[in-house]
Amino acid sequence: MSPQGDTPPRAGRRRAFLIANGVAGLVLLALVVALWRDPGLAVQAELERQRWALDADKHAVEIDGQRVVYVELPADRADAPTVVMIHGFTGGKENWYRLAQGLRGKYRLLMPDLPGWGESERVEGEDYGYLAQSARVDAFVAAVSKTPVTLLGHSMGGGIAALTAARAPERIARVGLLNASGVPFAENAFGLGVLGGDNPFVVDDAASLQRYMEAVFHDRSAAPSIPWPGSYFYIAQRRTQAEFEQAVLERIGRSGERFLPGEAAESITQPTLLLWCAQDAVIDPSAMQAYAERIPQARQVLLDDCGHMSPMERPGEVAQAVIMLVERAQPQQRG
């Protein structure tokens, strides 16, 4: 075949190559524009990767007119107890994934994003304080379980869990309060910042992201790694949440609701776990004793060399404490 006969195929391949590169360039440009407009897309992609790694199913249910997204890990047997896990302030369902690894198979595990947080719906002007969220958690439990559940709550989620257990003992068989807010505790920088009107958890640049991680993680090796450009997208996404975070903090940290969980805890008769880390710089460990005085049947567990994020810093030890809670006998009755 003559050299001239090779020209058309080469020209066709060249055109196909240029078209493919052009399409790839357009897709990349569209992705950059999308991420610039909504940096939360990159954050969400990473959270989805974590869910896939856990092999958890995602579901949604409507509660109080709002769409609530949750993930579920089924138990190995149909009659296994159900454990519902409620995350804390600025957190999400993903905060429970490490703990879930230590409980998987034993129990049916349900991890929702609280209304207003994560993938769950947020309604402008709605109340996302302790009382309102407690009512929604109660409704969520009623919607997803036909039998009473073990309810775990971390930080703000612990305060919500305490209120829920007190108001709905027919649906909450046991309760675990991990580094829970909602009671007075010894003064620390975080508490003073909240009372002063600040949001000590605010993240709007690299320096504040570093402060945030240092505040919540004592064991820095347990903190999630957020290398650039992931850190850029996370910071940008957190900036969009600043107004909402401040509004929630106003309700749970500075209003008349701030100690409602502790007041309600006096009505908790279910088996209870109180778990803290000795180096918690957010909710001082003295809060555990404040809860214990109101829940005399509670088992207290104080872990060393960890901070505020006990489910992520010490998931193995927390899992063992939760297993002991779930396997306890029926709720004790006070005289």
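The coordinates are above.
Just so it is clear, the structure is predicted and the values come from calculations on it, not from any experiment. Counting from 1, residues in each chain are numbered in the order their sequence is written. pLDDT decides what is reported in this predicted model: residues at 70 or higher carry local features, side-chain atom pairs at 80 or more are listed and counted, and totals for whole chains, interfaces and linings draw on all residues regardless. Values reported for side chains reflect all heavy atoms of the structure, with hydrogen atoms and water molecules removed beforehand.

*Asks:* Got a minute to help me understand the overall build of the protein chain in this structure?
*Replies:* Only DSSP runs of H or I reaching four residues or more are called helices, and only runs of E reaching two or more are called strands; each is numbered from the N terminus. Broken down by element type, the protein chain carries 13 helices and eight strands. Burial classification: accessible surface area is computed with a 1.4 Å probe over protein chains only, and a residue below 20% of its type maximum counts as buried, one above 50% as exposed, and the rest as partly exposed. A burial count over the protein chain gives 50% of its 335 residues as buried. For the accessible areas, the method is Shrake-Rupley and the probe is 1.4 Å, while residue cover comes only from the protein chains on display. Approximately 15,700 Å² of the protein chain is accessible, and the part contributed by carbon and sulfur atoms is 55%.

*Asks:* Just to check I follow, could you spell out the side chain of His87 for this structure?
*Replies:* Following the sequence through the fold, His87 ends up in the loop between strand E3 (82-86) and helix H3 (97-103). For the purposes of these results, a polar contact is taken to be a pair of N or O atoms within 3.5 Å, where, inside protein, one atom must be able to donate a hydrogen and its partner to accept one; residues adjacent in sequence count only when each atom of the pair is a side-chain atom. Side-chain polar atoms of His87 contact the backbone nitrogen of Leu114, separated by 3.0 Å. It only takes one pair of heavy atoms within 4.5 Å for two residues to be counted as in contact. If sequence neighbours within four positions are ignored, His87 has contacts with Gly92, Lys93, Asn95, Trp96, Pro112, Asp113, Leu114, Trp117, His154, Met156 and Gly157.

*Asks:* So what exactly am I meant to see when it comes to the nonpolar core here?
*Replies:* If you look at soluble globular proteins, the nonpolar side chains tend to sit buried side by side. Here, the term nonpolar core denotes a set of buried Ala, Val, Leu, Ile, Met, Phe, Trp, Tyr and Cys residues that are joined through side-chain atoms within 4.5 Å. If you look at the biggest cluster of nonpolar residues, it comprises 62 residues, and the most contacted ones within it are Met156, Leu177 and Tyr291. Sorting elements by how many residues they give to this core places helix H5 (residues 156-167) first, with seven residues. When sequence neighbours within four positions are dropped, the list of residues in contact with Tyr291 reads Gly159, Ala162, Leu177, Ala180, Ser181, Gly182, Val183, Pro261, Gly262, Ala265, Leu274 and Trp276. In this structure, Leu73, Met85, Met111 and Leu325 belong to the second largest nonpolar core, which totals 29 residues.

*Asks:* Explain the pattern of salt bridges to me, please; I cannot follow it from the model alone.
*Replies:* When charged atoms on two side chains of opposite charge get close, those side chains can pair. The salt bridge definition used is simple: a Lys or Arg side-chain nitrogen within 4 Å of an Asp or Glu carboxyl oxygen. The full count for this structure, using the stated rule, is 20 salt bridges. Look at the salt bridges and you will find they share partners, linking Glu48, Arg51, Lys58, Lys93, Glu94, Asp113 and Glu119 into a network.

*Asks:* I'm lost on unusual backbone geometry in this one. Help?
*Replies:* Of all residues except glycine, most have a negative phi; of all peptide bonds, most are trans. Within the chain, Asp64 stands out as a residue other than glycine whose phi angle is a positive 55 degrees. In this fold, Asp64 is placed in the loop between strand E1 (57-63) and strand E2 (66-73). If you check the backbone angles, Asp305 has positive phi at about 65 degrees while not being a glycine. For Asp305, a relative accessible area of 40% gives the class partly exposed.

*Asks:* Mind showing me how you'd approach the packing of helix H7 (residues 206-216) against helix H8 (residues 230-239) here?
*Replies:* The description of two helices packed together rests on the angle between their axes and the distance between the axes. The angle between two axes is taken between their N-to-C directions and runs from 0 to 180 degrees, where each axis is a line fitted to C-alpha atoms and a helix contributes only its stretch in contact. Relative orientation of the contacting elements H7 and H8 amounts to 85 degrees, with a least axis distance of 10 Å. Relative to H8, H7 is oriented roughly perpendicular. The residues of H8 that touch H7, namely those facing Ala206, Leu209 and Tyr212, are Ser231, Tyr234, Ile235 and Arg238. Its residues assigned to classes, the contact of H7 with H8 comprises five nonpolar, one polar and one charged. Working definition: roughly parallel below 35 degrees, roughly antiparallel above 145 degrees, roughly perpendicular at 65 to 115 degrees, and oblique for all remaining angles. Residues were grouped as follows: Ala, Val, Leu, Ile, Met, Phe, Trp, Tyr, Cys and Pro as nonpolar; Asp, Glu, Lys and Arg as charged; and all remaining residues, including Gly, as polar.

*Asks:* Before we go on, may I ask you to explain the state of the cysteines in this structure?
*Replies:* A covalent bond between the sulfur atoms of two cysteines is referred to as a disulfide. The definition used for a disulfide is geometric: two cysteine sulfur atoms within 2.5 Å. With the rule as written, the count across this model stands at one disulfide. There is a disulfide in this structure between Cys277 and Cys306, and the S-S distance comes to 2.1 Å. Taking the torsion about the sulfur-sulfur bond, which here is approximately -95 degrees, the covalent link between Cys277 and Cys306 counts as left-handed. Of this pair, Cys277 sits in strand E7 (residues 272-277) while Cys306 sits in the loop between strand E8 (299-303) and helix H12 (310-313), and the two are 29 residues apart along the sequence. Residue Cys277 shares its accessibility class with Cys306, and that shared class is buried.

*Asks:* Could you clarify how one ought to interpret helix H4 (residues 130-144) in this entry?
*Replies:* Each α-helix turn comprises 3.6 residues. Residues three or four places apart therefore point the same way. Across its 15 residues, H4 extends 21 Å between first and last C-alpha, which sits within 8% of the 21 Å expected from 1.5 Å per residue. Every buried residue of H4 is listed here: Tyr130, Ala132, Gln133, Ser134, Arg136, Val137, Asp138, Phe140, Val141 and Val144. What a helix is expected to span follows from its residue count: subtract one and scale by 1.5 Å.

*Asks:* Quick question: what am I supposed to make of the environment of Leu163 here?
*Replies:* Structurally, the position occupied by Leu163 is in helix H5. On the basis of relative accessibility, which here comes to 9%, the residue Leu163 falls in the buried class. A C-alpha to C-alpha distance of 9.5 Å links Leu163 and Gly182, two positions 19 residues apart in sequence. Leu163 has contacts with Tyr130, Leu131, Ser134, Leu260, Pro261 and Ala264, leaving out every residue within four places of it along the chain.

*Asks:* I keep staring at the side chain of Arg136 and nothing clicks. Help me out?
*Replies:* Following the sequence through the fold, Arg136 ends up in helix H4. Assessed through its relative accessible area of 4%, Arg136 is described here as buried. From its side chain, Arg136 meets the backbone oxygen of Asp127 in a polar contact 2.9 Å long.

*Asks:* What should I look at first to understand the packing of H4 against H5 in this one?
*Replies:* Two numbers describe how H4 lies on H5: the axes approach to 9 Å, and their chain directions differ by 65 degrees. Classified by chirality, the crossing of H5 by H4 is right-handed. The segment H4 lies against H5, with Tyr130, Leu131, Gln133, Ser134, Ala135, Val137 and Asp138 engaging Met156, Gly159, Ile160, Leu163, Thr164 and Arg167. Each crossing gets its hand from how the near helix is turned against the far one by less than a right angle, where anticlockwise is left-handed and clockwise is right-handed.

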